[in-house]
Amino acid sequence: MRKEAADKMSLKVTTIGFDADDTLWHNERFFQLTQARFSAMLSEFRDAADLLDRLLQAEKRNIKQYGFGIKGFVLSMIETALDVTNNQVSGEVIAELIEAGKEMLSHPIELLPKAHDAVEAARSQCKVILITKGDIIDQERKLAQSGLEDMFDAVEIVSTKVPEVYARIFDRHGTGPTTGMMIGNSMKSDVNPMIKSGGWGIYVPHGLQWEIEHAEPLLDHSRYHEIETLAAFPELLNRILED
């Protein structure tokens, strides 16, 4: 019995990771507003559905070169504009797309409801890490403006979120992935790879999701949990820690 009790204690959550964009603060809606602006600028060449599909395909092709974030998104919009106009797009349109990107890079940060409370609940019982993808300068700006910066024990801005990356992060900042937990709005990037690394994955849907981030949930896995909003996180965390 003593060995079983010790083994159970060794699997308790010691370190909790939070995704940033659309988990703690709004992000995707700014991309969707800019996509609508992009469609309006090029409406004489293609209908909105075709334009957005071409833009999505460009983003998928370019992720390996540009990574995730606004700068890569703007370059993909420019590439798509050149494509659909046979390289005849005006300089004014290109300039407007660049300006739209600059506006996105300076938009104010708006926390999602109960984001502060969720991080506070986590840090009251565990070590807490922010784990996010994207452009490092933009992510650092958003974190600084969020008012949450001092609540994290560590910040990891990564180019991709896969099981091996989570294993390294939780080895470095915690006691390994098996005692780690990740909370996020992306099944593909936040939840499934964390579970595959051996930890807990908590899915909190945002409502708006980039198609590239879609994946099916691991519903039959004991370490998969879903909550409607961050308001439900403190109770879930207590339940997992007390189990």
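Within each chain, residue numbers correspond to sequence positions counted from 1 in written order. Since the coordinates come from a predicted model, pLDDT governs what is reported: local features require at least 70, and pairs of side-chain atoms require 80 or more to be given and counted, while whole-chain, interface and lining totals use all residues. With hydrogens and water excluded, all non-hydrogen atoms of the structure serve as input to the side-chain values.

Student: Summarise the packing of aromatic side chains; cite the residues concerned and give the values.
Tutor: Whether two aromatic rings pair depends on their centres lying within 6.5 Å, for rings of Phe, Tyr and Trp, where Trp uses its six-membered ring; planes under 30 degrees apart make the pair stacked, over 60 edge-to-face, and the rest tilted. Applying the stated criterion across every chain, the model contains two aromatic pairs. For the ring pair phenylalanine 18 and phenylalanine 233, a centre distance of 5.8 Å and an interplane angle of 75° mean the geometry is edge-to-face. Of this pair, phenylalanine 18 sits in strand β1 (residues 15-18) while phenylalanine 233 sits in helix α10 (residues 233-242), placing them 215 residues apart in sequence. Both residues of the pair, phenylalanine 18 and phenylalanine 233, count as buried. When the ring centre of phenylalanine 68 is taken as reference, the NZ or CZ atom of lysine 133 above it lies at 3.6 Å. Whether a charge sits over a ring comes down to the Lys NZ or Arg CZ being within 6 Å of the ring centre and within 35 degrees of the ring normal. Seen from the ring of tryptophan 200, arginine 223 lies directly overhead, with NZ or CZ sitting 3.5 Å from the centre. Segments assigned H or I by DSSP are reported as helices when at least four residues long, segments assigned E as strands when at least two residues long, and all are numbered from the N terminus. Here's how the labels work: a residue is buried when its accessible area is under 20% of the maximum for its type, exposed when over 50%, partly exposed in between, all with a 1.4 Å probe on protein chains only.

Student: How would you sum up helix α7 (residues 136-146)? Please name residues and give values.
Tutor: Along α7, the positions that sit buried rather than exposed are Asp138, Gln139, Arg141, Lys142, Leu143 and Ser146. Here α7 starts with a cap whose side-chain oxygen sits 3.1 Å from the backbone nitrogen of isoleucine 137, and that cap is aspartate 135. At the exit of α7 stands glycine 147, carrying a positive phi of roughly 80°. Side-chain atoms alone can form a polar contact between residues adjacent in sequence; in general such a contact is a pair of N or O atoms within 3.5 Å, and within protein one must be able to donate a hydrogen while the other accepts it.

Student: Give me the lowdown on the nonpolar core, citing residues and values where you can.
Tutor: Each nonpolar core is a collection of buried residues, namely Ala, Val, Leu, Ile, Met, Phe, Trp, Tyr and Cys, held together in the definition by side-chain atoms within 4.5 Å. By size, the foremost hydrophobic cluster in this structure holds 30 residues, and its most contacted members are Ile16, Phe18, Leu24, Phe152, Met181, Ile183 and Phe233. At the level of secondary structure, the elements contributing two or more residues to this core comprise β1, α6 (115-123), β2 (127-133), β4 (180-184), β5 (200-203) and α10. Tallying contributions element by element places α10 first for this core, with five residues. Leave out the neighbours within four places in its chain, and phenylalanine 18 touches Leu24, Ala118, Val119, Ala122, Val128, Ile129, Leu130, Ile131, Phe152, Met182, Ile183 and Phe233. Membership of the second largest hydrophobic core comes to 18 residues, among which are Met77, Ala81, Val93 and Ile94. Residues count as neighbours in contact if any of their non-hydrogen atoms are within 4.5 Å of one another.

Nothing here speaks to function; it is all geometry.
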